[in-house]
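These are the residues of each chain, in order.
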Amino acid sequence: MISGHQTMHADPVRIEKKTVDTSVSESLGQSEKSVTYDGRSLIVNGARELLFSGSIHYPRSPPEMWPDLIKKAKEGGLNVIQTYIFWNLHEPIEGQFNVEGSYDFVKFIKLIGENGMYVTLRVGPFIEAEWNHGGFPYWLREKPGIIFRADNEPFKYYMEKYTKKIISIVKKEKLFAPQGGPIIMSQIENEYNTVQLAYKESGTRYIQWAANLAIGLDTGVPWVMCKQRDAPGPVINTCNGRHCGETFTGPNHANKPSLWTENWTAQYRVFGDSPSQRAAEDIAYAVTRFFSKNGSLTNYYMYHGGTNFGRTSSSFVTTRYYDEAPLDEFGLPREPKYGHLADLHRALRLCKKALLWGVPSVQSISDDLEIRTYEKPGTNTCAAFLNNNSTKKPATINFKGQDYFLPPKSISILPDCKTVVYNSASIVAQHNARNFKPSKKASNLKWEMSQESIPEMQQLEATSKEPMELYNLTKDTSDYAWYSTSIDFDKVDLPMRHDILPVLVVASLGHAMVAFVNGEYIGFGHGSNVEKSFVFKKAVNFKEGTNHITLLAMTVGLPDSGAYMEKRYAGVRAVTVQGLNAGTLDLTSNKWGHEVGVKGEKLQLYSEEGLGKVQWSEAKGAGPPLTWYKTYFDVPEGDSPVALLLTTMGKGMAWVNGRSIGRYWVNYLSPLGQPSQSEYHIPRAYLKNGKNLLVVFEETGGNPSGIKVLTVNRDTICSIVTENYPPNVDSWKQSGDQLKAVVDDPKTESQLTCSDGKVIKSVAFASFGDPSGMCGSFAEGKCNSPNSKKVVEQYCLGKNSCKIPLNEFNSEKCSQPLKTLAVQVRCGRGKSASA
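Fair warning: this is a prediction, and the values are worked out from it, not measured in the lab.

1. Quick word on the sheet that holds strand E9 (residues 236–241)
Strand order in the closed barrel made by the eight strands is E4-E5-E6-E7-E8-E9-E10-E11, with parallel pairing throughout. When the angles between neighbouring strand axes are averaged without regard to direction, this sheet yields 30°. Sheet topology places strand E10 (residues 258–264) next to strand E11 (residues 295–304); five bridges connect them, and they run parallel. Across the sheet, Trp 260 pairs through a bridge with Thr 298, a residue of E11. Contacts from helix H3 (residues 105–114) reach strand E4 (51–56), strand E5 (80–84), strand E6 (118–124) and strand E7 (183–188) within the one sheet, and its direction differs from that of E6 by about 155°.

Written as structure tokens, this is what we have:
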């Protein structure tokens, strides 16, 4: 960021590289539909904007969820939705373009526009996004002489062709803002600085070429390049990260605004990961800091992560994506993250005129304490940001003759330079806890099973001297490929002692593998997200005569990042048998048979049409590896989201009514001894009235009798409010240059609201004093008002929402200087009392 931001805003820039004359006023005098920018902000249809954006990816949630997700995003204070365009979804086969169903990005963009929101379109075509192959279709990898993301003629040819195709679709539908649509900004490439040095001069030439390609498409909206310090010409360089208010060195030209295109709301997870957390307070501090330092756009990545259905995730990435976002995987608000950020957006909007038109100044009080103000000369327009950067100590700042208390690592927002309407560390929004409840209607599942047959070399289609490379073999059409060879052993070849067995050793470049000898399962091996390759070692009781070694190699998504992606490899690399009487035997060049996919995939056993193609038998308890399981279940009660609990299984994939809900891998435990993901989303849009077919392909062995169909809710809601917290930001509004209260005597209150029209059915906990814990696990402290629960019940029972004044509690016996009210209630269906 530009320290102090004392420079005046440069003239606005049109994307066609023309400038327009402006004066410092709320309107820039542009009557036509346009998107321009200057050193302060984007300028949409002649007006400056504060932009609060969130990433929601259309293929990671079914179209039936889109309207509710967009509605909740808007209610959370967003005015922009950001999405990638996913090349490998739209053109999986060269020349065959698909924009239907879950891939209908035009419908998605139009829905956003109908909700009065803007769109940022990240065209890529490289997107990363923890998405299979970074969005590149596999056929692109096979073009002769191609080098991805470099000054390489084959790559540039296909990139330009695809980019022009996307832009032509968008233009035809009139979706760019100058055409009357919602798209106000586009992105070309993605985080190229992280790999640029690997390509040397070719990388420098490529990024210039990519910028010229984008500008030449004449979209009428700005183009950005995130994490591209030297973004060429009018293309805006933007920040990605957690703390761009501190780490961003600023735009590379004075006439470009400070934009934050990825504000990571947590961290995506890979199989084997421990839980990922990022506190609402930390996000709020970072966003407030960024806007106080000349920032005008932040985008939450992700605002709703959704689900990596089918085989869409990149290497080792879990099926659940960014579940810690403000809207969780199921589209339910994760509180307090959702509400605390919504309050922040309201607070910053109260500062809008000062931020976008005021003159900034900075007062440094100490290493940790700072005051930033924006004032518009000759008016009462003034906003202040009081910052305590200490992570341990609270502080008091005297500003304009008044003392203001600041908790550790917090910023207070004063839209009139007098009144604190928000503090980033003081959460007045409600909290909630997520509940997974076994469905009564979808219980008592009756399972049947069918085993995959284990092939031998002569039964497989393709043969070669050595094991074939896995990516090139499967061409991303399946996670699976068979490798098989045969070897004859005489009695003299095998160890004479009964306590010694030969050891089969398989060196693999990744990602996972199931091994069989003579049709018998001998073990499972896998790599990790950090180290894809692994060495499998297993003692084997080989027999005299012919022995068949059969390996099922597996991918868990293709890579999505890094330089020279087209040169990544996976699969069996070397095979030896150790411990034979003659020493170690190398079978790598022994001649191998290969086949892509497993039989059940080809027969489509996950569909009604495919079920009758094999014999099924009753499943009794735990079964062997490579087994297909099927059952039927009724639609779960109510309208809450639905999930599948798979903790008794191992690794595999699941389908509901023929639609894949993604890869599962519950026997890959985190350092905490728990699966990285236990519940798997079944969108209600996938369900039908009557019986629903559930099919599971288990790769390593599991017990289907433990699988449960769950409903998901956030009906446990809480409030944790301390006496010195500011009143809710909804207590204030801007009227001209004045900040005015919308209620008499704004005061700190505890506020609770049930979602979906539910009402508060019971009060599980209430304590005014010094309670401890968090939503779902509160405990009373040493000091507690005896009437706590009674007061909460009086204000809240039977109501959809309630406000509880903190002065209602009897605290005479509590010597605590600042008392806290902690409340936990349960929401449910029922008659509502008036709120």
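2. Some words on the pattern of salt bridges
Under the definition given, this model contains 39 salt bridges. Linking Arg 48 and Asp 38 is a salt bridge whose minimum nitrogen-to-oxygen distance equals 2.7 Å. Residue Arg 48 is found in strand E3 (residues 47–48), and its partner Asp 38 is found in the loop between strand E1 (35–37) and strand E2 (42–44); the two are separated by ten residues along the sequence. When its relative accessible area of 6% is taken as the criterion, Arg 48 is described as buried.

3. Structural notes on the nonpolar core
One finds Phe 105, Leu 140, Ile 184, Leu 348, Ile 413 and Val 421 to be the most contacted residues of the largest nonpolar core, which totals 118 residues. Sorting elements by how many residues they give to this core places helix H5 (residues 153–172) first, with eight residues. In contact with Val 421, other than residues within four places in its own chain, are Ala 347, Leu 350, Ile 413, Pro 415, Pro 726, Pro 727, Val 729, Trp 732 and Leu 739. Core analysis: the second largest hydrophobic core is formed by 33 residues, Trp 447, Tyr 664, Val 666 and Ile 707 among them.

4. A closer look at H3
Turning to H3, its buried residues are Phe 105, Val 106, Phe 108, Ile 109, Leu 111 and Ile 112. At the C-terminal side of H3, Gly 116 shows a positive phi close to 75°.

5. A closer look at the environment of Pro 178
Along the chain, Pro 178 turns up in the loop between H5 and E7. Taking the C-alpha atoms as reference points, Pro 178 and Ile 365, 187 residues apart in sequence, are found 46 Å from one another. Leave out the neighbours within four places in its chain, and Pro 178 touches Lys 33, Thr 219, Gly 220 and Val 221.

6. Some remarks on the environment of Glu 142
Within the secondary structure layout, Glu 142 lies in the loop between helix H4 (138–141) and H5. The exposure class of Glu 142 is partly exposed, given its relative accessible area of 38%. Put simply, Glu 142 and Glu 566 are 424 residues apart on the chain and 8.4 Å apart in space, counted from C-alpha to C-alpha. When neighbours within four sequence positions are excluded, Glu 142 is seen to be in contact with Asn 472 and Lys 475.

7. Here's the deal with the side chain of Asp 416
Examined against the element boundaries, Asp 416 turns out to sit in the loop between strand E17 (410–414) and strand E18 (422–423). Among buried Asp, Glu, Lys and Arg side chains, Asp 416 stands out as unpaired, with Lys 418 the closest opposite charge at 4.6 Å. A polar atom in the side chain of Asp 416 sits 2.7 Å from the backbone nitrogen of Thr 419. Each residue touching Asp 416, except ones within four places of it in the same chain, is listed here: Cys 382 and Leu 739.

8. Focus on the pairing of E11
Burial analysis of E11 places ten of its ten residues in the buried class, which makes it a mostly covered element. As paired strands, E4 and E11 are joined by five bridges and run parallel to one another. Bridging across to E11, Leu 51 finds its partner in Leu 297. Handedness of the crossover is the feature at issue here: the chain leaves E10, passes through helix H9 (residues 280–292), returns alongside E11, and the resulting connection is right-handed.

9. Thoughts on the UniProt feature "domain: SUEL-type lectin" (unreviewed entry) in the protein
Mapped onto this numbering, the UniProt entry annotates "domain: SUEL-type lectin" (unreviewed entry) at residues 751–828. Between the C-alpha atoms that bound residues 751–828 the distance is 17 Å, and the span itself is 12% helix and 44% strand.

10. Description of the environment of Trp 732
Checked against the element boundaries, Trp 732 lands in strand E39 (residues 732–735). For Trp 732 and Pro 415, which are 317 residues apart along the polypeptide, the C-alpha to C-alpha distance reads 9.8 Å. If sequence neighbours within four positions are ignored, Trp 732 has contacts with Leu 350, Thr 419, Val 421, Leu 739, Lys 740, Ala 741, Val 742 and Pro 746.

11. Here's the deal with the sheet that holds strand E28 (residues 572–580)
Across the sheet, which stays open at both edges, the four strands sit in the order E26-E23-E28-E29 with antiparallel pairing between neighbours. The open sheet has two edge strands with one neighbour each: strand E26 (534–539) and strand E29 (583–586). Each neighbouring strand pair of the sheet contributes to a mean axis angle of 20°, computed without reference to strand direction. Here strand E23 (residues 503–508) runs beside E28; their pairing, made up of six bridges, is antiparallel. Paired with Val 503 across the bridge in E28 is Gln 578.

Rules behind the numbers
- Residues numbered from 1 in each chain as written.
- Predicted model: local features only at pLDDT ≥ 70, side-chain atom pairs only at ≥ 80, totals over all residues.
- Heavy atoms only, no water.
- Pairing = 2+ DSSP bridges.
- Helix = DSSP H or I, 4+ residues; strand = E, 2+ residues; numbered from the N terminus.
- Axes fitted to C-alpha atoms, helices over the stretch in contact; angles between N-to-C directions.
- Contact = heavy atoms within 4.5 Å.
- Salt bridge = Lys/Arg side-chain N within 4 Å of Asp/Glu carboxyl O.
- Buried < 20%, exposed > 50% of the residue type's maximum accessible area, 1.4 Å probe, protein only.
- Core = buried A, V, L, I, M, F, W, Y, C linked by side-chain atoms within 4.5 Å.
- Lys, Arg positive; Asp, Glu negative; His and termini not counted.
- Polar contact = N/O pair within 3.5 Å; in protein donor to acceptor, adjacent residues only side chain to side chain.
- Right-handed = clockwise from strand over helix to strand, strands pointing away.
- UniProt positions renumbered as here; feature names shortened; annotations may be inferred.

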